[in-house]
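Commentary on secondary and tertiary structure
In case you want the letters, here they are:
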Amino acid sequence: MKIGKYLKERQITVYKTFFNAINTSHLSHAYLLVGEQGTPLLESAIFLAKSLVCDEPNPLACEECLTCLRIDEGNYADLIIVDGALKSIKKDDIHTIEERFETSAVENKGKMIYIINHVENMTNEAINSLLKFLEEPSENIYAFLTCENESRVLPTIISRSQTLHFKSIDKKEIKNAALSLNVEESDAELLCNFYNNADLIKLKIDDSDYKNAKDCLLKTINALTKSSNLALVDIHQEVLPKLKSKESMRYFIDMLTIVFQDLLNLSIENDIILKTYEDNLIVLKNKLPHIQESLLTIMTSRGQIDMNVNLGLLLDHVINFIVEGDEKNGK
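A brief look at the structure comes next. (Residues numbered from 1 in each chain as written. Predicted model: local features only at pLDDT ≥ 70, side-chain atom pairs only at ≥ 80, totals over all residues. Heavy atoms only, no water.)

As a further point, take the environment of Q162. Note on placement: Q162 falls in strand β5 (residues 162–165). Separated by 134 residues in the primary sequence, Q162 and S28 have C-alpha atoms spaced 6.7 Å apart. Apart from residues no more than four positions distant in its own chain, Q162 is found in contact with T17, S28, A30, Y31 and L32. (Helix = DSSP H or I, 4+ residues; strand = E, 2+ residues; numbered from the N terminus. Contact = heavy atoms within 4.5 Å.)

This brings us to the packing of aromatic side chains. Counting across every chain of the model gives nine aromatic pairs. Pairing Y31 with F144 gives two aromatic rings, centres 5.7 Å apart and planes at 10°, and the pair type is stacked. Residue Y31 is found in strand β1 (residues 30–34), and its partner F144 is found in strand β4 (residues 141–147); the two are separated by 113 residues along the sequence. Given the relative accessible area of 1%, F144 is considered buried. Ring plane angle 50° and centroid distance 6.2 Å describe the contact between F101 and Y114, whose orientation is recorded as tilted. Pair noted here: F101 is in the loop between α5 (91–100) and β3 (112–117) and Y114 is in strand β3, with a separation of 13 residues, a long-range link. For Y114, a relative accessible area of 3% puts it in the buried group. (Phe/Tyr/Trp six-rings, centres within 6.5 Å; stacked < 30°, edge-to-face > 60°. Buried < 20%, exposed > 50% of the residue type's maximum accessible area, 1.4 Å probe, protein only.)

Our focus in this paragraph is the packing of helix α11 (residues 208–224) against helix α12 (residues 228–238). For any two helices packed against each other, one specifies the inter-axial angle together with the distance between the axes. Between α11 and α12, the least distance of the axes is 8 Å, while the angle of their chain directions is 165°. Overall, the two elements α11 and α12 adopt an arrangement that is roughly antiparallel. Seen along the crossing, α11 lies across α12 with a hand that is right-handed. In this structure, α11 contributes K219, T220, A223 and L224 to the contact, and α12 contributes A231, D234, I235 and E238. Here the residues of the contact of α11 with α12 are counted per class, giving four nonpolar, one polar and three charged. (Axes fitted to C-alpha atoms, helices over the stretch in contact; angles between N-to-C directions. Parallel < 35°, antiparallel > 145°, perpendicular 65-115°, else oblique. Left-handed = near helix turned anticlockwise from the far one by under 90°. Nonpolar A, V, L, I, M, F, W, Y, C, P; charged D, E, K, R; others polar.)

The values reported here are purely geometric and, on their own, carry no functional implication.
Right, dumping it as structure tokens:
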């Protein structure tokens, strides 16, 4: 996916802001990239980092020179990426950046760059270390921070960074663009909720965690159309054992959230996202009278995935709430 093209066509303000900064040599030492879930923030941060050291900038990264390709391969010595998407960012992660950048640049461009993805997922100790590092930036050190929830980022971090806000793109537009890339409609409907770019959706359809979660979702939907006892048996046998990783669990819980949001939409005759699942959703709407309470339980569980809870027990709680509520209502 050519992020430069995406920024130029879809995120014009972000593109022009950084274009002008680099073209006039008025770069900030720290940028905070803010966008909703699914926005390619990390990919955009990497592109902007490339633009600082590209061999043939115009004036942003060409994405084809040796330096750009080395960055893509993770083989550029003066670029460090700390990814908080899968785990909390700790004090030691920030110290690694500090220690590496205490010495002079290794590459001949003379610029040292670090990227912190999901800066909102930092521990308090890591935040304090980062603040000290941001307060007195060296002339040749640049930071790109990303977040999906700006309200969870300390004002002191925001004040030390130039914020670049990414605009949201209509999900129907993203879905249609994904369909034009030959993505199956059932995948496009799900993934347009997670990714703000059709090219990225095309890349993600073969992701093993996504495919596993989607398979578990379909089995869950089918199971929930049955009686309570059969639903519990099917889900405990065919779904719970397969959701082992946090990433699979995140996908599954987010997909289940979309399902129950669509159930609410059906109940008030609003448009739904998951058109290809509509027949089963209509059955569930008539079968599950506690949809709103279940949605709240599902959404609450999403925030517990990264809290070192037992994933099996967490999912078991969610499923039992959905099914037992059904049972209590005599269905």
